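Residue-level structural notes
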Amino acid sequence: MLPILLQLLLLGILCSQGHSMSREEKHKLRNQVVEMFDHAYQNYMDHAYPADELMPLTCRGRVRGLEPSRGDVDDALGKFSLTLIDTLDTLVLLNKTTEFEAAVRRVLSDVRLDNDIVVSVFETNIRVLGGLLGGHSMAVMLKEGGHHMLWYQDELLHMAKDLGLRLLPAFNTSSGLPYPRVNLRYGVRGPETRTGTETDTCTACAGTIILEFAALSRFTGDPVFEAHARRALDFLWEKRQRNSNLVGTTINIHSGEWVRRDSGVGAGIDSYYEYLLKAYILLGDDLFLQRFNIHYASIMKYISQPPLLLDVHIHKPLLPARTWMDSLLAFFPGLQVLKGDIRPAIETHEMLYQVTKKHNFLPEAFTTDFRVHWAQHPLRPEFAESTYFLYKATGDPYYLEAGRTVLDNLNRFARVPCGFAAMKDVRTGSHEDRMDSFFLAEMFKYLFLLFADAEDLPFDVEDYIFTTEAHLLPLSLSMAPHHSATQTNTTAEGELDDSNFDWTCPNTRLLFPDPAFPRNLREPIRSAVDKSCPRPAPYREPGMGRPPLRAQDFMANNPEHLELLRRMGVSLIHLKDGRVQLVQHATQAVSAVAAEDGMRFMQDMMELSSQQQKEQLPPRAIQIVSHPFFGRVVLTAGPAQFGTDLSKSTTGVRGFVTVAEPYSGCAELANGEYVQGRIALLQRGQCMFAEKARHIQKAGAIGGIVIDDNEGSSSDTAPLFQMAGDGRNTEDVTLPLLFLFHKEGNILLEALKEYREVEVLLSDKARDRAAIFKDVDVQEEGEDCLTEETTPASSAPIDQSEISTVALDESAPEEVSPADEEVSPPDEDVGPPDEDVGPPDEDVGPPDEDVGPPDEALSPSVAEPGLTEPNMEKDSEKEEEPEEDADSTNQSVDELLADWREDLEAFQQMEKEEL
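Residues numbered from 1 in each chain as written. Predicted model: local features only at pLDDT ≥ 70, side-chain atom pairs only at ≥ 80, totals over all residues. Heavy atoms only, no water.

**A closer look at the overall build of the chain**
In terms of helices and strands, the chain carries 25 helices and 33 strands. Taken over 915 residues, the chain has a buried fraction of 66%. A total accessible area of about 32000 Å² is found for the chain, and carbon and sulfur atoms account for 49% of it. (Helix = DSSP H or I, 4+ residues; strand = E, 2+ residues; numbered from the N terminus. Buried < 20%, exposed > 50% of the residue type's maximum accessible area, 1.4 Å probe, protein only. Areas by Shrake-Rupley, 256 points an atom, 1.4 Å probe, with all protein chains shown as cover.)

This is how it looks when you write it as structure tokens:
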């Protein structure tokens, strides 16, 4: 059987290099994986079940509607105990048969699928339908063994069919491509559904259905599910770009027009290619392999630039679409192993491994010189998946060491008392209150399989195919009776020359007769990553002319400056979120000369903001190190452009916190004797940041933390910014000053209220707890599980450029931002805004230096010929006035905005791909 032959590669050929790992070491790591799984699973059951997911920092369940919306990310949640269903077959693989049986009984008794809730078709298919089918496969296997699940009568399969029928209305389109969302109770038609108006879906969302739907058809004998999945795949194949044989990222589900024409192997497309190859393996239909091979040849011709995989335009495949890669492409080396193309798999995996070692985790996106583009890491399993497949194919113990690195980093940086927390920023080590279900469904499967011996497994994994969510479907389904759907679209003769492709996987001993060959492939890639360095800032041309008021001198609370702006036709608008917006209307200037001065001022402001974005500082970390936190709570903080540079300190600044009196810090402190030798807590507002710093420094403080006075503000919904000086020389300020939004600041204030003495460490990034406490015996307290905050949960992770919003005047640091559109300067890569977007994971979403949120982007918008100003956080008196829009923008701004929107769409796609 061809499906079985394609699996032969996974039998592995030993290719020993260096020192092999002893059997005892492997067993120790295997047991460590099981212990880590127990920690995550038990905390979900204790603190979250029956909620869909665990919030590991606050030790409670995430229930949709009860927690603040994260946008599209939440479409994976359907009030159906998502994590439990997603984990069913993991329990069996890890030999937890008793727990599996109890979990199945819970699912049957507690889970309802007829909820009036709108969910993602893609996520629900791969996580819930796939979880139920994987659980059913395991239950049948155990029952046939005669010792467990003897009572089982296909109950999980009945639930799977019920769910499949609830997903089918989404496929009621003229193209056969499914709507991206469906109401589990009402479908997609009618006002009660609250969906059905969408026009676009991602290629992976429509093309990652066939395994689950075909398995459901063959398990139940009902062909309708497989027929719909095949129709969707046929339509995508028909719409491929015929010259390049590539597909775009987003497609209109009604017309079939490509909405986004960029093509890669990461977010938005990834699992479409995966399912073409795996559908051939599972179903034995040559058509799927033919299509995969044609696509794969184009991928290797246009997208693969070893060791990089860079997106291109489908109509101009020689033209790169971006200069960064997203973390979801980490699955691709594993897919190449299934294909039998080992060399590029080794090269790309090695690049990913070096990036992982550089940042502890794979950032959600990283540049071609291996710097962080989006700093978030939601504990994705794709790198571990490829590591497992490469080890199976080569037997090289190098990949066992790579797996050990993954294990160690998870325990060192992501483990918290109530589970494992996603990384909000891989640079600072801060956490996000999130543990996605795929962490239990995929990560622990692949890590356990990596270190386990054949006798450790309760069944032969070679008899199963892994879905994109790592659910196990039996290869025997290829032999199951089924009604072959009429093929509406086949591969024309002549499109494929079979002689160009192998129909079985090659023997790695013939490919690599020299055991050192893989090592020789890896060495130059390791060197390339190690030698990467910051790029020099591009040359900036000097400004044109000098208006009566220079941008660098402007202060939003200076009456004289405001009068000068008025005379130049520039109006100042204070927004509710504390930003300041500048808009120029030339007709409102007192003269033509003044109008010209106003335009020059706006251009000057844009140049200033652009320069500040290039000179931005990275985020800082505030780590609570006193009892009962012991360094586990890390808050992301915005830096100041003055005072101690924490990045140059090896130890940071450590001390107990005290609230300053007055809290604003805008006058000499009344409680100076208490502040002395401590870190002062201050409230944002009423005066300049530098003035606050001088007052607490005079009182003898060793550091300061400014807490936002805008109630409800959070790094989840707003970009961090760096605090600027007051226009004077600030070299007299020698202590560090950091900024926290209201939500994060409240965590600190609540801790102080409850424990009275709270000690923190101010540093450039979170420190290893062992380094903080050294010889001190730190006792874990599982019950103390306070929130760790940083990078936005449902937006792009905070990048260095995302904190460049400059705050000058302190009462309501106001950002000067464009009235109509916010655009980043030409040389900056622009990251997604702080709005909820739903990553590749659907959940997404979510850097090293090239990303900047739109809030900070500095660029004029024109309205008769008005110009609006870039985001510069300025601290001045708060006023809430309506926001004005500029009427038009110049051509260069339009081009920049188009680039920014493309970046944003890419990030939104990341949030919509769960892999």
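**What to know about the nonpolar core**
The biggest cluster of nonpolar side chains holds 176 residues, and the ones touching the most others in it are Phe 100, Leu 410 and Phe 420. Among the elements that take part in this core, helix H5 (residues 121-145) stands out by supplying 11 residues, more than any other. (Core = buried A, V, L, I, M, F, W, Y, C linked by side-chain atoms within 4.5 Å.)

**Section: the sheet that holds strand S13 (residues 365-367)**
With respect to topology, three strands assemble into an open sheet ordered S12-S13-S14, the strand pairing being antiparallel. In this open sheet, the two strands that pair with only one neighbour each are strand S12 (324-326) and strand S14 (372-374). Between one strand axis and the next, the sheet turns through 30° on average, direction left out of account. (Pairing = 2+ DSSP bridges. Axes fitted to C-alpha atoms, helices over the stretch in contact; angles between N-to-C directions.)

**Topic: the sheet that holds strand S23 (residues 620-624)**
The pairing of strands in a sheet comes from backbone hydrogen bonds and takes either a parallel or an antiparallel form. Pairing is mixed in the open sheet, where seven strands are placed in the order S24-S23-S30-S25-S26-S27-S29. Each edge of the open sheet is held by one strand with a lone partner, namely strand S24 (633-637) and strand S29 (737-740). Here the average twist between neighbouring strands, direction ignored, is 35°. Examined bridge by bridge, strand S26 (residues 679-683) and strand S27 (residues 703-707) share five bridges and lie parallel to one another. Pairing of Gln 683 across the sheet is with Ile 707, part of S27.

**A short note on empty space enclosed by the protein**
There is about 150 Å³ of room inside the largest cavity. Taken together, 16 residues line the largest cavity, and the ones lying closest to its centre are Phe 361, Leu 362, His 377, Arg 380 and Phe 383. The set of elements that each furnish at least two residues to the lining of the largest cavity consists of helix H14 (382-394) and helix H15 (398-414). At four residues, H15 tops the list of elements feeding residues into the lining of the largest cavity. Considering only residue class, the lining of the largest cavity consists of eight nonpolar, six polar and two charged. (1 Å grid on protein atoms, 1.4 Å probe; cavity = no way out; pocket = protein on both sides within 12 Å on 5 of 7 lines; lining within 4 Å. Points joined across faces, edges and corners; volume = space filled by probe spheres on them. Nonpolar A, V, L, I, M, F, W, Y, C, P; charged D, E, K, R; others polar.)

**Observations regarding the packing of aromatic side chains**
In total, this model carries 27 aromatic pairs according to the counting rule given. Centroid distance Trp 324 to Trp 374: 4.8 Å. Interplanar angle 50°. Geometry classified as tilted. Here Trp 374 lies in strand S14 and Trp 324 lies in strand S12, a separation of 50 residues in the sequence. Note on accessibility: Trp 324 and Trp 374 belong to one class, buried. Members of the aromatic cluster, joined through ring pairs, are Phe 37, Tyr 41, Phe 420, Phe 439 and Phe 444. Above the ring of Tyr 353, the side-chain terminus of Lys 357 is found at 4.6 Å from the ring centroid. (Phe/Tyr/Trp six-rings, centres within 6.5 Å; stacked < 30°, edge-to-face > 60°. Lys NZ or Arg CZ within 6 Å of the ring centre and 35° of its normal.)

**Quick word on the side chain of Asp 74**
Within the secondary structure, Asp 74 is located in the loop between strand S2 (60-62) and helix H3 (82-93). Apart from the residues lying within four places of it in its own chain, the contact partners of Asp 74 are Arg 62, Arg 64, Pro 68 and Ser 69. (Contact = heavy atoms within 4.5 Å.)

**Quick word on the confidence of the model for the chain**
Here the chain averages 80 in pLDDT, while 73% of its residues score no lower than 70. Counting contacts from residues 1-18, a segment whose pLDDT is below 50, to residues more than four positions away or on other chains yields 65 contacts. Residue range residues 533-546 is modelled with pLDDT below 50. Its contacts to residues more than four positions away, or to other chains, number 13 contacts. (pLDDT = per-residue confidence, 0-100.)

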